[in-house]
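Here is how the chains run, residue by residue.
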Amino acid sequence: MKRISSGIKGLDDLIGGGFPEGSIILISGKAGTGKSSFCASFLYEGFKNNEAGIYVTTEISKEDIKKDLLQTFGWNFEEFENKGLLSFIEIEPTFSAFSERTFEKDCGSIVKIYVYDVLDKISKEAKRLNAKRLVIDSITLIESFIRDEYLRRAALILFVNRLKRLNLTTLITSQIPQVNPNSLSISGILEFLVDGIIKLDYNPEREEFKR
């Protein structure tokens, strides 16, 4: 089985040489534990080996992401974007276009269209770049918005199963909810659909907290 390097120092040795090619890995943790930095390191490792990647962002603009990475790590993601090694996909909620009554009536259809639209954008960029790596940061938007448990489960199963068909090594971030710290995602479902899980946390060391 071919392995894809995580880009995290020391991690590959612990997981058999990297992530299995084409696998989907959940990066879980509370806010501020370094999920986005972890994902950026994963993509950056690919760039060093001339492997193209896609960064899907649902919460932060791509300009802010590029600025933060340049200031924090000195990584010029805009340079990789210009070289055709990186594509950003910014996903925003589009549900506001529907009235509350319309959404309640056709919620299933609207969510399905939304999920397929996101997958279609990823698929087109993957073909254009011949991408090997994918980051979705984060899936919390979809998890939080769909209140109906059955519909949420169906949407996430559809999303993950369709992602697997793209054969991209994928990292998906999700936040651990404050109300249920034993869960590894907002929905409590995603952790059962993916191929592996990396949980990030803070460790108290003397009077400081370290990731």
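Here goes a summary of the coordinates provided. (Residues numbered from 1 in each chain as written. Predicted model: local features only at pLDDT ≥ 70, side-chain atom pairs only at ≥ 80, totals over all residues. Heavy atoms only, no water.)

**Concerning the pattern of salt bridges**
As a reminder, the rule being used: Basic side-chain nitrogens of Lys or Arg form a salt bridge, by our definition, when they fall within 4 Å of a carboxyl oxygen of Asp or Glu. The helix and strand labels rest on DSSP assignments: H or I over at least four residues marks a helix, E over at least two residues marks a strand, and numbering proceeds from the N terminus.
The full count for this structure, using the stated rule, is 11 salt bridges. In this structure, the salt-bridge partner of Glu81 is Lys62, at a minimum N-O distance of 3.2 Å. You can see Glu81 sitting in helix α4 (residues 77–82) and its partner Lys62 sitting in helix α3 (residues 62–73), a full 19 residues away along the chain. In this structure, Lys83 and Glu79 form a salt bridge, with 3.0 Å as the shortest nitrogen-oxygen distance.

**A closer look at the sheet that holds strand β3 (residues 24–29)**
Keep this limit in mind: If DSSP finds at least two bridges between two strands, the strands pair. The convention used is that axes are lines fitted to C-alpha atoms, helices contributing only their stretch in contact, and that angles between N-to-C directions extend from 0 to 180 degrees. For this analysis, residues touch if any pair of their heavy atoms sits within 4.5 Å.
Reading across from one edge, β5-β4-β6-β7-β3-β8 is the order of the 6 strands in this open sheet, with parallel pairing throughout. Looking at strand neighbours, the two that pair on one side only are β5 (86–90) and β8 (196–200), the edges of this open sheet. Here the strands of the sheet are splayed against their neighbours by 15° on average, with no regard to which way each runs. With 4 bridges joining them, strand β6 (residues 133–137) and strand β7 (residues 169–175) adopt parallel strand pairing. Pairing of Ile136 across the sheet is with Ile172, part of β7. The strands that α3 touches are β4 (53–57) and β5; relative to β5, the one it contacts most, it runs at about 130°.

**Brief notes about the packing of aromatic side chains**
Operational definition: When two rings of Phe, Tyr or Trp (its six-membered ring) have centres within 6.5 Å they constitute a pair, described as stacked for plane angles under 30 degrees, edge-to-face for angles over 60, and tilted for the intermediate range. Residue burial is assigned from relative accessible area. The probe radius is 1.4 Å, only protein chains are included, and a residue is buried under 20% of its type maximum, exposed over 50%, and partly exposed in between. In this analysis the charged atom, NZ for Lys or CZ for Arg, is taken to sit over a ring once it is within 6 Å of the ring centre and within 35 degrees of the ring normal.
In this structure the tally under the stated criterion is 9 aromatic pairs. Consider the rings of Tyr44 and Trp75, whose centres lie 4.3 Å apart with planes at 10°: the pair is stacked. Of this pair, Tyr44 sits in helix α2 (residues 35–48) while Trp75 sits in the loop between α3 and α4, placing them 31 residues apart in sequence. Here Tyr44 falls in the partly exposed class, since its relative accessible area comes to 22%. We classify Trp75 as buried; its relative accessible area is 13%. Through pairs of rings, three or more aromatic residues link up here, namely Tyr44, Phe47, Phe73, Trp75, Phe77 and Phe80. One residue, Arg133, lies across the ring of Phe42, its end atom 4.6 Å from the ring centre.

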